[in-house]
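Okay, here's what each chain looks like letter by letter:
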Amino acid sequence: MIIIFKVKNKVIKLNSPILSKLGLSDLLDQDLSSYEYFQSLSKQVQEKLRQEDVGSFTELQQKVLEIQNKEE
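Residues numbered from 1 in each chain as written. Predicted model: local features only at pLDDT ≥ 70, side-chain atom pairs only at ≥ 80, totals over all residues. Heavy atoms only, no water.

Between the first and last C-alpha of helix 5 (residues 57-71) there are 21 Å, a value that for 15 residues agrees with the 21 Å anticipated at 1.5 Å per step. Taken residue by residue, helix 5 has L60, V64 and I67 as its buried positions. Buried positions in helix 5, seen along its axis, are confined to an arc of 65° and lie on one side of it. Away from the buried face of helix 5 by more than 90 degrees, exposed residues N69 and K70 are located. (Helix = DSSP H or I, 4+ residues; strand = E, 2+ residues; numbered from the N terminus. Expected span 1.5 Å × (residues − 1). Buried < 20%, exposed > 50% of the residue type's maximum accessible area, 1.4 Å probe, protein only. Arc of directions from axis to C-beta.)

Parts of the prediction with low pLDDT should not have their coordinates interpreted in detail. For the chain, per-residue confidence averages 81 on the pLDDT scale, and residues scoring 70 or more make up 69% of the total. Scored below 50 in pLDDT, residues 16-20 shows 4 contacts in the model against residues more than four places distant or in partner chains. (pLDDT = per-residue confidence, 0-100. Contact = heavy atoms within 4.5 Å.)

Following both chains from N to C, one finds helix 3 (residues 32-40) and helix 5 inclined at 20°, their axes separated by 10 Å at the closest point. One element, helix 3, and the other, helix 5, form an angle in the roughly parallel class. The hand of the helix 3/helix 5 crossing is left-handed. Counting all contacts with helix 3, which are made through S33, S34, Y37 and F38, the residues of helix 5 involved are F57, L60, Q61 and V64. The residue makeup of the contact of helix 3 with helix 5, split by class, is 5 nonpolar, 3 polar and no charged. (Axes fitted to C-alpha atoms, helices over the stretch in contact; angles between N-to-C directions. Parallel < 35°, antiparallel > 145°, perpendicular 65-115°, else oblique. Left-handed = near helix turned anticlockwise from the far one by under 90°. Nonpolar A, V, L, I, M, F, W, Y, C, P; charged D, E, K, R; others polar.)

As a further point, take the packing of aromatic side chains. Under the criterion given, the structure shown has 1 aromatic pair. Taking 5.7 Å as the distance between ring centres and 75° as the angle between the ring planes, the aromatic pair formed by Y37 and F57 counts as edge-to-face. Remark: F57 occurs in helix 5 and Y37 occurs in helix 3; sequence separation between them is 20 residues. Take Y37: its relative accessible area is 23%, and that puts it in the partly exposed class. (Phe/Tyr/Trp six-rings, centres within 6.5 Å; stacked < 30°, edge-to-face > 60°.)

Below you can see the structure in the form of structure tokens.
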């Protein structure tokens, strides 16, 4: 995420990967597809995901695959 703001007629660009990264609860609040996908998972998988660093739908899908592969 790039943040641009003006201070005393100077344009300042701030590139912050921290600000562009959503946490799991933010992701579920802001992305309906992620929320629906998360809700379709077993409670056990949901609990494991809450311990992971997930910030996008793609990451959510990848973590689910990792969890499922570990269970096999």
